[in-house]
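This is what each chain is made of:
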Amino acid sequence: MSRKGSEESSGAKHTPSRQELLFVSDNIHKYEEVRAVARELGFDVQLMPGLKLEVQSDSIEEVSRKSAILAYLLVGRPLFVEDAGLYIQALRGFPGPYSSFVYRTIGIEGVLKLLEGASDRRACFKSVATVIYEPFIVVGHGEVCGFITDRPRGSRGFGFDPIFTPDGSEKTFGEMSLEEKNRFSHRAKSVYSALSRLKKMMEQSG
Ligand code: IMP
């Protein structure tokens, strides 16, 4: 991207150590989750809040990719973004890409109301992480499926964590420590997928 060239010629280019990465988000919980995954792979992740990227799309992959590119054009340093959504089977995938709007408007109680009396409570969280580390752009996908509970349980995490139990656990994400959630979560998978492939590419390129 051209921004790199202009910064090099102005002498203002930030030269990061190979492991430094910014995580562009206003969500401290997400940051804590991704930092733990990234650390295992040898990356040192710093939070960059406040960019207000406002990318809208029906696809979380598009939001993730466009947000990363926009952020990179603004910041010009190695970074990644992550976008996620909750896809509820009985609601034909709703709220999906509109999860943050639905959380802010009807919230957990509203989602439980929509599912009142529903026998099918299957749902999946999906996540797409996009990392830009020139010359590489790497996209990682992650998914975890499970059930929406009848009532909220646990006060950890954020968003819909108190009403989602992943397959293979009795606990909701809201009842799990960060380490436990990361063993199941869509975000841990997408970030691991993107960063492990980035790491290989960096090693191969010397
Ligand atoms: P975002 O656009 O990636 O911030 O995610 C959209 C919305 O999905 C968030 O506001 C949360 O309500 C919900 N969400 C995404 N990931 C999670 C998660 O790991 N746990 C609980 N809710 C989540």
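Residues numbered from 1 in each chain as written. Predicted model: local features only at pLDDT ≥ 70, side-chain atom pairs only at ≥ 80, totals over all residues. Heavy atoms only, no water.

Peer 1: Can you explain the side chain of Lys-30? Please cite residues and give values.
Peer 2: Position of Lys-30 relative to the elements: it lies in helix α2 (residues 28-40). Since its relative accessible area comes to 12%, Lys-30 is described here as buried. Only 2.8 Å separates the side chain of Lys-30 from the side chain of Glu-82, close enough to count as a polar contact. Among all residues touching Lys-30, those that are not within four sequence positions of it are Phe-23, Ser-25, Glu-82, Asp-83, Ala-84, Phe-158 and Arg-187. (Helix = DSSP H or I, 4+ residues; strand = E, 2+ residues; numbered from the N terminus. Buried < 20%, exposed > 50% of the residue type's maximum accessible area, 1.4 Å probe, protein only. Polar contact = N/O pair within 3.5 Å; in protein donor to acceptor, adjacent residues only side chain to side chain. Contact = heavy atoms within 4.5 Å.)

Peer 1: Now, about the state of the cysteines: what can you tell me, with residues and values included?
Peer 2: Applying the stated criterion to the full structure yields 1 disulfide. Paired by a disulfide, Cys-124 and Cys-145 hold their sulfur atoms 2.0 Å apart. Across the S-S bond linking Cys-124 and Cys-145, the dihedral sits near 100°, which makes this disulfide right-handed. Of this pair, Cys-124 sits in strand β5 (residues 122-133) while Cys-145 sits in strand β6 (residues 136-148), placing them 21 residues apart in sequence. (Disulfide = S-S within 2.5 Å.)

Peer 1: Please set out the packing of aromatic side chains residue by residue, giving values where relevant.
Peer 2: Applying the stated criterion across every chain, the model contains 5 aromatic pairs. Ring geometry for Phe-125 versus Phe-173: centroids 6.1 Å apart, planes at 20°, classification stacked. Here the residue Phe-125 occupies a position in strand β5, and Phe-173 occupies one in the loop between β7 (164-166) and α6 (178-184), the gap between them amounting to 48 residues. Side by side, Phe-125 and Phe-173 carry an identical accessibility label, which is buried. On the numbers, 5.2 Å between centres and 50° between planes, the contact of Phe-164 with Phe-173 is tilted. One Lys or Arg, Arg-122, reaches over the ring of Phe-147 and ends 4.8 Å from the middle of that ring. The residue whose ring lies beneath Lys-126 is Tyr-87, and the NZ or CZ to ring-centre distance is 4.6 Å. (Phe/Tyr/Trp six-rings, centres within 6.5 Å; stacked < 30°, edge-to-face > 60°. Lys NZ or Arg CZ within 6 Å of the ring centre and 35° of its normal.)

These results come straight from atomic positions and should not be treated as a statement about function.
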